[in-house]
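# Structural features, examined
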Amino acid sequence: MIARLVLCMKDENEWFRYMVLNSITSVLAMLGTSDLDLRLEEQLMNGLLFAFQEQGGEDTSALINCYGTVLKMLGIRAKPYMDEITSAIKWRLSNRNANVRMQAADLIARIAPSMKACGEDNALKNMGRVLFEYLGEEFPDVLGSILGALKSIVNVMGMEEMEPPIRDLLPRLTSADVFAIDQRGRNALVLAIQNGHL
């Protein structure tokens, strides 16, 4: 079943790709990835990377859920693909389009546990530093996604492992930023405050 679906992951029609991604997510959630051979696994990861880089619409949930499910199911087998994924995320974080930046931050939030499971601690710390640099984001929704991604990294790495320290977060945010961010960002700030780091 997956072998047939991966062929459609690079279709030009974005809505069709959404349906394919949702189908892959459902199949893998039910059947797992133990039956995937290396070639099919590579096709799946290449298709996901293509879909991520070609994502243009505002609805990114199908892609982010599929990525999260695939990486979680692959477990340690996902390690060889992490460098390519993190490079694509960093590239998209610097995109002019706010939706693209928000999608990249949302993907970090979703895959941080998989990165930790693959032993990608340095990549997570690096992502934390990159996200910290984007705390001056002008769009509240994107800023909320960035804070949500930082929260996910903190959850898997621990407060003491964060670079820069989480206590340096609040001085980077203006009062207007704090009131404008969405619920994801508020949750991240509440977590940091509750843990006495702000």
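Quick summary incoming for the structure in this document. Counting starts from 1 at the beginning of each chain's written sequence and moves along it residue by residue. It should be noted that, the model being predicted, local features are given only for residues of pLDDT at least 70 and side-chain atom pairs only at 80 or more, the latter also being counted only at that level, while totals for whole chains, interfaces and linings use all residues. Each side-chain value is derived from all of the structure's non-hydrogen atoms; neither hydrogens nor water enter the calculation.

## A short note on the packing of helix α6 (residues 98–117) against helix α8 (residues 140–157)
- Helix axes are fitted to C-alpha atoms over the stretch in contact, other axes to C-alpha atoms as well, and angles between N-to-C directions run from 0 to 180 degrees. In DSSP terms, a helix is any run of H or I states spanning at least four residues, a strand is any run of E spanning at least two, and both are numbered starting from the N terminus. For the pair α6 and α8, the least separation of the axes is 8 Å and the interaxial angle reads 10 degrees. Here α8 runs roughly parallel to α6, going by the angle between their axes. Touching Ala98, Arg101, Met102, Ala105, Asp106, Ile108, Ala109, Ala112, Pro113 and Lys116 of α6 are Asp141, Val142, Ser145, Ile146, Gly148, Ala149, Ser152, Ile153, Val156 and Met157, all from α8. Orientation labels follow simple angle bins: below 35 degrees gives roughly parallel, above 145 gives roughly antiparallel, 65 to 115 gives roughly perpendicular, and whatever is left gives oblique. Working rule for contacts: check all heavy atoms of both residues, and any pair within 4.5 Å makes them a contact.

## Observations regarding the nonpolar core
- Residues grouped as a nonpolar core are buried Ala, Val, Leu, Ile, Met, Phe, Trp, Tyr and Cys residues, joined through side-chain atoms within 4.5 Å. Three labels apply to residues, based on accessible area from a 1.4 Å probe with only protein chains included: buried if under 20% of the type maximum, exposed if over 50%, partly exposed otherwise in between. If you look at the biggest cluster of nonpolar residues, it comprises 63 residues, and the most contacted ones within it are Ile24, Tyr67 and Ile89.
- Those elements giving two or more residues to this core turn out to be α1 (2–6), α2 (14–31), α3 (38–54), α4 (61–74), α5 (82–93), α6, α7 (121–133) and α8.
- Ranked by residues supplied to this core, first place goes to α8 with 10 residues.
- Look past the residues within four positions of isoleucine 24 in its chain and what remains in contact with it is Ile2, Leu5, Met9, Leu44, Cys66 and Val70.

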